[in-house]
Amino acid sequence: MKILCTLFMLCACACVYAADGIPETKHLNYHKHGGLEYWLYQEKPDAKNQPLLIFLHGKGETTMASLLKWGPPKHIEKGKAFPGIVVTPLSPNGEWWRRERLIVFVDTIAKKYNVDLKRIYLTGLSMGGFASWDLACHYPGRFAALVPICGGGNPDLVNAIKDIPTQVFHGDKDHVVKMEKSTVMVEALKNIGGIVDYTIYPGVGHTSWIQAYADKKLYDWIYQQRKAQAANIDPHAELKHILKTGVQVKVEPRLLTNDLIKSKTLTITWHNQTMHNAQVRAVMLRHAQLQMRFDQDTFSLAAGARRTGTIHLDGLKNPQQELDELRVKWEVQYDDAAAAQMQFKQGYAFRLTPIYKIDKQTITVDGDLGDWSDAWIQVNKPRHIMNIDKKKALPDYQCTYAFQTAYDKNYLYVAVKVHDDTMRFLPQKNVWDQDGVEIRIDARAPSERKSYRDWHDFLPILISPQPEGGMTIWQHKRLPAGMQMDTQIREGFYTVELAVPINYVEQRAGKDWQRLRINVAVNDYDKPEQRGPQLWWYPDWRTALDSRMEGTFQRTKP
């Protein structure tokens, strides 16, 4: 209790809170730039060529107030003076440190505050210790000294930091990040003649930073280090970051439900991942089946900010019909002086996937298809083509197909009709070595569809009809007991019709099942000496339930 009270008093003395919830401190100034919040300490605000110390926090610190608990910020708030500038950024949303974002931040701070480019120092604890190793190994020219505490990294990269003076700290009783993580890095450095000191605190767990950052000798050592040449920071780092990340956009939902058709709206979220405020002008291209407009197509978007808006849809009369790719394009103007005359144009393409209906109907499986409705899903342009050399031109083929589904209390039905100018059926061959159809049915419960492990996760049905009657079926014994199948060959087309016992679906998705996934592919073999393409309606998916790369079907009645 005494320890808790003491910590409470220290925190209470360290800061008070402004109206917006951001703590106001005596020594550290709060800033936000490019979506990164950070504390900034300056010994002499107007001075130039000051050293810069970057401190990276651990996974446990998720708020600006929590950054005052440890390391240099804690000691600054207690009154300790530091030479030059100390900067402590907050990783957004508790995320693991991102190398690309960090180096842009370091270069931006160095440029903004006119630091001494021969004296930029990097340190961090736990997650920040890992990030320190990683950042220095990938950008060794930036830093004059490195101090990773209870972290780790890739020992294969340490050759890059051979000439950077480094001090490493770890507790030998650390059960969160094992001491071996630091040891392997230190040994790798020593093996190549690196400049490294290693301090192991006996009996200390995952708080070795307390002792390390309390040691005055550590800071004396840090500020003695100086590079022979100034760090080669990138003055255009932010602009390159803008070009690489820019304004990102997310569209929800990705599945086009009947409710969505009724409401005629989509939600779109814009995220400015740059370090500058922006003016965004969005343009939605007109679509053959849809007319689209934004609720507001020109708006301001602050650095790091998100904005959610609405796309209004009009013109889609049939929820079953296929949608081509929809594209969002936008133009962005940033407020950075160097970018003021630059207009960035970016784009994003997405596909809205309808949820297809499975009507309740009893089918006679005979290959004739006479009792099916006219609601066929037509596949004239397959989304994915396999078994071709992507470096060569797509081979000529004349093959299209359509398919349909239905169900009743006993069966789930699937029918496929393939129009093919040249049909090759070879009973002695496997299905994939002749013309034929592959149907995949994934009836797993939604919670199980997040991963793909092996063929047992779904039902693969591969069938080729034969001119003399009968069928070639891949691994017939693996199919559910009681399954029905039939085919027919006619002039210019052939059919495949099947019925899967409904208990197969209910065993996997429950008796009250609503949705399942179905994918269809057709093999088109025109020449004996050349393996033909496999034409997939959707890509050969191994994806989560809500992926747009799938065919999702929902039964119309319980």
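You'll find the structure just up there.
Notes on the structure follow. (Residues numbered from 1 in each chain as written. Predicted model: local features only at pLDDT ≥ 70, side-chain atom pairs only at ≥ 80, totals over all residues. Heavy atoms only, no water.)

**Section: the sheet that holds strand β7 (residues 115–125)**
Thought 1: If you walk across this open sheet you meet the eight strands as β3-β4-β6-β5-β7-β8-β9-β10, and the pairing is mixed. The open sheet has two free edges, formed respectively by β3 (29–33) and β10 (196–201), since each of these has just one partner strand. Across the sheet, the mean angle separating the axes of adjacent strands is 20° when strand polarity is ignored.
Thought 2: The sheet contact formed by strand β8 (residues 145–149) and strand β9 (residues 166–171) spans two bridges and is parallel. Bridge assignment links Leu146 to a residue of β9, and that residue is Thr166.
Thought 3: Where helix α4 (residues 127–138) meets the sheet, its contacts fall on β5 (50–56), β7, β8 and β9, and the angle it forms with β7 comes to roughly 140°. (Pairing = 2+ DSSP bridges. Helix = DSSP H or I, 4+ residues; strand = E, 2+ residues; numbered from the N terminus. Axes fitted to C-alpha atoms, helices over the stretch in contact; angles between N-to-C directions. Contact = heavy atoms within 4.5 Å.)

**Here's the deal with empty space enclosed by the protein**
Thought 1: Per the stated rule, a full pass over the model turns up two cavities of 30 Å³ or more.
Thought 2: One number sums up the size of the second largest cavity: a volume of about 60 Å³.
Thought 3: Lining the second largest cavity we find Leu36, Ser91, Pro92, Glu95, Trp96, Trp97, Arg98, Arg101 and Leu102.
Thought 4: Classifying every residue of the lining of the second largest cavity by side-chain character gives five nonpolar, one polar and three charged. (1 Å grid on protein atoms, 1.4 Å probe; cavity = no way out; pocket = protein on both sides within 12 Å on 5 of 7 lines; lining within 4 Å. Points joined across faces, edges and corners; volume = space filled by probe spheres on them. Nonpolar A, V, L, I, M, F, W, Y, C, P; charged D, E, K, R; others polar.)

**Here we look at the pattern of salt bridges**
Thought 1: A complete count under the given rule lists 11 salt bridges for this structure.
Thought 2: We note a salt bridge from Asp116 to Arg119, for which the minimum N-O separation is 2.9 Å. Each of the two residues, Asp116 as well as Arg119, counts as buried.
Thought 3: Its salt-bridge partner being Asp442, residue Arg517 comes within 2.6 Å of it at the nearest N-O pair. Of the two residues, Arg517 sits in strand β30 (residues 515–523) while Asp442 sits in strand β25 (residues 436–442), which places them 75 residues apart along the sequence. Grouping residues by exposure puts Arg517 and Asp442 together as buried.
Thought 4: One salt-bridge network, in which partners are shared between bridges, spans Arg99, Glu100 and Asp134. (Salt bridge = Lys/Arg side-chain N within 4 Å of Asp/Glu carboxyl O. Buried < 20%, exposed > 50% of the residue type's maximum accessible area, 1.4 Å probe, protein only.)

These results come straight from atomic positions and should not be treated as a statement about function.
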